[in-house]
Amino acid sequence: MDGRLLKSKVVLKGLKVDELLERVNKDEYIMDRNRYYRCMRGDDEFDRKEIQAMSEALNLTDAEMLDIFLKKKCLKRHKEEAK
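The text that follows walks through the structure, step by step, so that each part is easy to find. Model, not experiment: these values are computed from the prediction.

1. Observations concerning the pattern of salt bridges
For the structure on display, the rule yields seven salt bridges. Of the charged contacts, one joins Arg33 and Asp18 as a salt bridge, the two residues approaching to 2.9 Å between their closest N and O atoms. With Arg33 in helix 3 (residues 33-41) and Asp18 in helix 2 (residues 17-24), this pair connects stretches of sequence that are 15 residues apart. Look at Arg33 and you get partly exposed, because its relative accessible area is 42%. Classification of Asp18 by relative accessible area gives partly exposed; the value is 40%. Between Glu50 and Arg35 there is a salt bridge, and its shortest N-O distance comes to 2.6 Å. Taken together, the residues Glu50 in helix 4 (residues 48-57) and Arg35 in helix 3 connect sequence positions 15 residues apart. Owing to a relative accessible area of 14%, Arg35 belongs among the buried residues under this scheme. Overlapping salt bridges bring together Arg35, Asp44 and Glu50 as one network.

This is how it looks when you write it as structure tokens:
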């Protein structure tokens, strides 16, 4: 996950983390502040439902979502497979 890119998208939307989480949790409870920061620190990973909810809350394109949440993981896996 590219935490810096995610942070930049949040800032560009004019949101604070609590406001993002309000949008993420608008229809149902998905994620709390502690979980968000654990994932941002790299102690855990966002799950599919969390990624989808944040992508919708930030109006991310599919390409933006992939760049933020999957690109580094896919590149790392590709490098490991190439060895």
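The structure having been displayed, the exposition proceeds.
2. Re unusual backbone geometry
Here the phi dihedral of Asn59 falls at roughly 55°; this positive angle occurs in a residue that is not glycine. Summarising the element assignment, Asn59 is placed in the loop between helix 4 and helix 5 (62-69). The class of Asn59 is exposed, set by a relative accessible area of 55%.

3. Quick word on the nonpolar core
Counting residues in each nonpolar core, the largest one holds 21 residues, and the members touching the most others are Leu6, Tyr36, Phe46 and Met54. Put simply, the parts of the chain that give this core at least two residues each are helix 1 (3-12), helix 2, helix 3, helix 4 and helix 5. What Phe46 contacts, discounting residues up to four positions off in sequence, is Met1, Leu6, Met31, Arg35, Tyr36, Cys39, Met40, Ile51, Met54 and Phe69.

Rules and cut-offs
Residues numbered from 1 in each chain as written. Predicted model: local features only at pLDDT ≥ 70, side-chain atom pairs only at ≥ 80, totals over all residues. Heavy atoms only, no water. Salt bridge = Lys/Arg side-chain N within 4 Å of Asp/Glu carboxyl O. Helix = DSSP H or I, 4+ residues; strand = E, 2+ residues; numbered from the N terminus. Buried < 20%, exposed > 50% of the residue type's maximum accessible area, 1.4 Å probe, protein only. Core = buried A, V, L, I, M, F, W, Y, C linked by side-chain atoms within 4.5 Å. Contact = heavy atoms within 4.5 Å.

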